Amino acid sequence: MANRQTTLAALAPLSAPMIDKLVVLHLRRFRGSDVGIDPAAIEAAARRADEVRKDMIHSIQSWREQAYQAISACEPPRIRTGDAHRLAREWGAIGNTGTFHRRIQQGTLRNRSHGVIDPHTLAAVLIASKIGSCYQEVNARTWLPTKVAADEPVMWFWCQMAPDGTPDPVPDSQVVSLPPHALLWTPWCGVLWDAGWQEVAGVGASRLVGGMTEEARAVWGLAASEEIVGLVQRKATGRLHEEHTTECGDSGRAVG
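For every chain, the first residue of its written sequence is number 1, and the numbers climb from 1 along that sequence. Per-residue local features are limited, in this predicted model, to residues with pLDDT of at least 70; the limit for side-chain atom pairs, both in listing and counting, is 80 or more; totals at the level of whole chains, interfaces and linings are taken over all residues. For side-chain calculations, the full set of non-hydrogen atoms in the structure is used, while hydrogens and water are omitted.

Any chance you could explain the pairing of strand 4 (residues 156-160) here in plain terms?
Within a regular strand, side chains alternate between the sheet's two faces. Note on classification: 1.4 Å probe, protein chains only; a residue is buried when its accessible area is under 20% of the maximum for its type, exposed when over 50%, partly exposed between these limits. Segments assigned H or I by DSSP are reported as helices when at least four residues long, segments assigned E as strands when at least two residues long, and all are numbered from the N terminus. Across the 5 residues that make up strand 4, a large majority, 5, are buried. Alternating positions in strand 4 separate into two faces, Trp156, Trp158 and Gln160 on one and Phe157 and Cys159 on the other, with burial throughout. DSSP calls a pair of strands paired once it identifies at least 2 bridges connecting them. In this structure, strand 4 lies alongside strand 6 (residues 183-186), joined through 3 bridges in antiparallel fashion. Within the sheet, the bridge partner assigned to Trp158 lies in strand 6 and is Trp185.

Structure below.
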């Protein structure tokens with residue numbers, strides 16, 4: 001079932017507030033006045049929310065690839081504010097300059113440095129705008145949260161700690177506290193713009209937190225010549241293949 005926790009990783013690079021807002025908008029027509037007190041209505045709403053998330057996991061794939069290609073043309077990870085605003089206008093996500101800068105102030109878009117927009121938050125805004133536009137009764141200004149806290153994770157990854165372990169969603173903010181042998185993967189190929197990630201066909205991209213060390217080889221039982229791509233395909237693709245598959249396109253390469 002595509003519950004909220006698994007959705008966080010499966011819908012990268014959308015942040016948790018973005019996912020929640022899109023689900024609520026989609027459910028708006030189904031919400032009755034008795035939902036707050038009727039257990040049956042609450043349960044029905046929860047089931048419907050899971051169905052919406054599952055639909056989003058499948059519908060996001062083409063928009064995710066298009067956003068990846070569009071932003072890749074702007075030489076990420078350093079996306080200048082002007083280029084980011086141009087893409088947002090072209091995608092129908094954000095119109096005027098005032099609205100664009102307001103989205104930065106509200107935390108929906110984030111700066112990496114002065115005049116440089118974080119490419120993952122830009123991708124999330126582009127993708128959310130396309131998913132939100134599918135809800136014809138929803139005003140185009142309402143598919144983004146009005147405020148995203150500064151400490152809110154940009155996105156979530158799948159993380160597996162050992163060959164026989166269970167993959168769990170983890171926020172990007174917690175990666176620094178993970179052991180070096182922890183294995184991360186994501187369907188969002190934009191992480192290839194950042195150091196340490198490698199493309200994995202049919203999965204997206206993956207990395208070992210501390211790189212391919214002797215410790216990592218020992219934990220995962222890797223042969224001397226085996227690399228992370230083979231590791232992910234052999235050990236860690238089950239969860240992703242249950243949810244969806246993805247490709248990074250022709251420009252996907254390891255960076256750093």
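What should I look at first to understand the pattern of salt bridges in this one?
Where side chains of opposite charge bring their charged atoms close, a pairing between them can arise. When a carboxyl oxygen of Asp or Glu lies within 4 Å of a side-chain nitrogen of Lys or Arg, that pair is called a salt bridge. The full count for this structure, using the stated rule, is 5 salt bridges. We note a salt bridge from Asp83 to Arg80, for which the minimum N-O separation is 3.2 Å. Owing to a relative accessible area of 16%, Asp83 belongs among the buried residues under this scheme. Residue classification places Arg80 among the exposed residues on the basis of a relative accessible area of 56%. Put simply, Arg86 and Glu90 hold a salt bridge, and the shortest N to O gap is 3.2 Å. Placement of both Arg86 and Glu90 in helix 4 (residues 81-90) is noted, with a separation of 4 residues, approximately one turn of the helix. Residue Arg86 is classed as partly exposed on the basis of its relative accessible area, which comes to 29%. On the basis of relative accessible area, Glu90 is assigned to the exposed category, the value being 53%. In this structure, a network of salt bridges that share partners links the residues Arg80, Asp83, Arg86 and Glu90.

Is there a simple way to think about helix 5 (residues 97-106) in this case?
Because an α-helix completes one turn every 3.6 residues, residues spaced three or four positions apart along the sequence face the same direction. Those residues of helix 5 that sit buried are Phe100, Arg103, Ile104 and Gln106. Two residues qualify as a contact provided that any one of their heavy atoms is within 4.5 Å of a heavy atom in the partner residue. Buried residues belonging to helix 5 abut helix 4, strand 2 (111-113) and strand 3 (116-117). Within 3.5 Å is the distance limit for a polar contact, defined as a pair of N or O atoms, with the added protein rule that one can donate a hydrogen and the other accept it, and that residues adjacent in sequence qualify only through two side-chain atoms. Taking the backbone nitrogen of Gly98 as reference, a side-chain oxygen 3.1 Å away marks Asn96 as the first, capping residue of helix 5. With its phi angle positive at about 90°, Gly107 sits one or two positions after the end of helix 5.

Which parts of the structure should I look at to understand the pairing of strand 6?
Covered by surrounding structure in strand 6 are Leu183 and Trp185 together with Leu184 and Thr186, the residues of both alternating faces. Of the pairings in the sheet, the one linking strand 6 to strand 8 (residues 204-208) comprises 4 bridges and is antiparallel in character. When the bridges of strand 8 are listed, Leu184 appears paired with Arg207.

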